[in-house]
Amino acid sequence: KLGTLPLPESVQIRISFRRMAAPSGSSSSTVRLPLSDVENLGAGALGGTLEAFLQMPLITYKICVQEGRPTPTNIAGWYRGVVVASSTIAPITAFQMGVNGAIERSWLSYKGLKQNDKLTDGESIAVAAGAGVVSALLYSPVDLVIIQQQKMGLSAVSTTSAIMSQYGTNTIMRGLMSTVVREAIYTAGYLGLSPVLTKNIQERGIVKNEFGASFVGACMAGTLSALATHPVDTAKTCYQADLTGKTYSSATSAMFTVYREKGIGGLYNGAAARTARLCGAFFIIGLVRDQAMQYKGSLTE
């Protein structure tokens, strides 16, 4: 029968090549399966560790510019706090991915859909924002310790002990609400908006290469997130740096004080470094997550 005739070898080669070259938005692309809680934690931990280590100089520069103090003069100074940053950003990123996955599964179940079904673009962004809100409970004290460690020059443990003994236990949560705002937008960016933009960039043929589309999507989402959150981040940094409360009584007062004294430019001090960092973070973490989803999908083929 005609259906059983073998295809010529040249035709088989062309078909095979087209399947390999197909963009991720096509039906022949690599299957991506949702990660389990453990897999989300692992991917988040790896992505967070890589992001923190590779971009610590940008974190240090941003903090120095926002506080108005000199930048370090040696490599050790630029990487001061990298241990606490890596060891805390990694579990926070893991936590954000884990919570994001849990909320996603709950929402799909609420809608009566299967776990492998996809959320709409808007739902993906909203779910990621919710994960960011929850993660602020962990991230706020981490930021406080990193900022104070840069000033005190102590270890993470010694810095935490000094803060709580000198200023009270509750001080460790100083800046929580501003962190909630920042992390909601940040997490919505890298777990929601960045993948959505990447998918649409490929589907529209703007950038056909998967790696290139991921980079462009991450940079677009990172830039938007940075511009939206930087004034809040500046106010939070100033507020957390002033533990005595003599200059800033709240993050809101810090924002208005900075604006009154330095204008809108003051609120965007360090914006270039933070924008670069967010673009890098969105790309690095997103790449690790996507590769994990692709690898899991390849096991079912």
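Residues numbered from 1 in each chain as written. Predicted model: local features only at pLDDT ≥ 70, side-chain atom pairs only at ≥ 80, totals over all residues. Heavy atoms only, no water.

**Thoughts on the overall build of the protein**
Phase 1 of the analysis: A count of helices and strands for the protein gives eleven helices and zero strands.
Phase 2 of the analysis: Reading the protein from its N terminus to its C terminus gives the helix and strand order α-α-α-α-α-α-α-α-α-α-α.
Phase 3 of the analysis: Seen along its three principal axes, the alpha-carbon backbone of the protein occupies a region of about 90 × 40 × 35 Å.
Phase 4 of the analysis: Per-residue burial over the protein gives 47% buried out of 301 residues. (Helix = DSSP H or I, 4+ residues; strand = E, 2+ residues; numbered from the N terminus. Buried < 20%, exposed > 50% of the residue type's maximum accessible area, 1.4 Å probe, protein only.)

**So, the environment of Asp121**
Phase 1 of the analysis: You can see Asp121 is positioned in helix H6 (residues 121-152).
Phase 2 of the analysis: Sequence-distant contacts of Asp121, that is, excluding residues within four places in its chain, are made with Val196, Lys199 and Asn200. (Contact = heavy atoms within 4.5 Å.)

**Description of the nonpolar core**
Phase 1 of the analysis: Grouped together as the largest cluster of nonpolar side chains are 19 residues, with contacts concentrated most on Ile89 and Ile146.
Phase 2 of the analysis: Those elements that provide at least two residues to this core are helix H3 (56-67), helix H5 (82-110) and H6.
Phase 3 of the analysis: By residue number, the principal contributor to this core is H6, which donates six residues.
Phase 4 of the analysis: Listed in part, the 18 residues of the second largest apolar core include Ala43, Tyr190, Ala221 and Ala281. (Core = buried A, V, L, I, M, F, W, Y, C linked by side-chain atoms within 4.5 Å.)

**So, the packing of H3 against H6**
Phase 1 of the analysis: Put simply, H3 and H6 touch, their axes get as near as 11 Å, and they point 75° apart. If you check the angle between H3 and H6, you find them roughly perpendicular. Touching Met56, Thr60, Ile63 and Glu67 of H3 are Ile146, Ile147, Gln150 and Lys151, all from H6.
Phase 2 of the analysis: Residue classes in the contact of H3 with H6 are distributed as four nonpolar, two polar and two charged. (Axes fitted to C-alpha atoms, helices over the stretch in contact; angles between N-to-C directions. Parallel < 35°, antiparallel > 145°, perpendicular 65-115°, else oblique. Nonpolar A, V, L, I, M, F, W, Y, C, P; charged D, E, K, R; others polar.)

**Overview of the pattern of salt bridges**
Phase 1 of the analysis: Inspection of every chain in the model, using the stated rule, returns twelve salt bridges.
Phase 2 of the analysis: Among the salt bridges present, the one from Arg182 reaches Asp143, with a minimum N-O distance of 2.6 Å. You can see Arg182 sitting in helix H8 (residues 176-203) and its partner Asp143 sitting in helix H6, a full 39 residues away along the chain. Asp143 matches Arg182 in its accessibility class, with the two residues each being buried.
Phase 3 of the analysis: Residues Asp233 and Arg182 are paired through a salt bridge, measuring 2.9 Å at the closest nitrogen-oxygen approach. Residue Asp233 is found in helix H9 (residues 210-241), and its partner Arg182 is found in helix H8; the two are separated by 51 residues along the sequence.
Phase 4 of the analysis: Given a relative accessible area of 1%, Asp233 falls into the buried group.
Phase 5 of the analysis: Taken together, the salt bridges that share partners define one network made up of Asp143, Arg182, Glu183, Asp233, Lys236 and Arg274. (Salt bridge = Lys/Arg side-chain N within 4 Å of Asp/Glu carboxyl O.)

**With respect to the confidence of the model for the protein**
Phase 1 of the analysis: Predicted confidence across the protein gives a mean pLDDT of 86, with 90% of residues reaching 70 or more.
Phase 2 of the analysis: The least confident element of the protein is helix H1 (residues 9-21), whose mean pLDDT is 43; the most confident is H8, at 95.
Phase 3 of the analysis: Here residues 10-28 scores under 50 on pLDDT; set against residues more than four positions off or in separate chains, the count is twelve contacts. (pLDDT = per-residue confidence, 0-100.)

**What about the environment of Ser250?**
Phase 1 of the analysis: On the secondary structure map, Ser250 appears in the loop between H9 and helix H10 (251-267).
Phase 2 of the analysis: For the pair formed by Ser250 and Leu58, sequence separation is 192 residues and the distance between their alpha carbons is 26 Å.

**Some points on the packing of H6 against helix H7 (residues 156-167)**
Phase 1 of the analysis: Contact pair H6 / H7: the axes reach a minimum separation of 9 Å and the direction vectors enclose 100°. The pairing of H6 with H7 is recorded here as roughly perpendicular in orientation. On H7, the residues that touch Leu144, Val145, Gln148, Gln149 and Met152 of H6 are Ala156, Thr159, Thr160, Ala162 and Ile163.

**A word on the state of the cysteines**
Phase 1 of the analysis: Enumeration according to the criterion identifies zero disulfides in this entry.
Phase 2 of the analysis: Cys219 takes part in no disulfide bond, and the closest cysteine sulfur, belonging to Cys279, lies 4.3 Å away.
Phase 3 of the analysis: Taking the relative accessible area as the measure of exposure, Cys219 reaches 22% and is therefore partly exposed.
Phase 4 of the analysis: For Cys279, a relative accessible area of 12% translates into the label buried. (Disulfide = S-S within 2.5 Å.)

**A word on a nonpolar patch on the surface**
Phase 1 of the analysis: A contiguous nonpolar surface patch, about 390 Å² in accessible area, is contributed by Leu46, Leu50, Phe53 and Leu54.
Phase 2 of the analysis: Exposure remark for Leu54: the relative accessible area of 54% places this residue in the exposed category. (Patch = residues over 30% accessible without salt bridge, like charges linked within 9 Å, V, L, I, M, F, W, Y side chains within 5 Å. Areas by Shrake-Rupley, 256 points an atom, 1.4 Å probe, with all protein chains shown as cover.)

**Observations concerning the packing of aromatic side chains**
Phase 1 of the analysis: Inspection of every chain in the model, using the stated rule, returns seven aromatic pairs.
Phase 2 of the analysis: Seen from their ring centres, Trp107 and Tyr110 are 5.2 Å apart, and the 25° between their planes marks the pair as stacked. Separated by three residues within a single helix, Trp107 and Tyr110 lie in helix H5, roughly one turn from each other.
Phase 3 of the analysis: With a centroid separation of 5.2 Å and 55° between ring planes, the pair formed by Tyr186 and Tyr190 is classed as tilted. (Phe/Tyr/Trp six-rings, centres within 6.5 Å; stacked < 30°, edge-to-face > 60°.)

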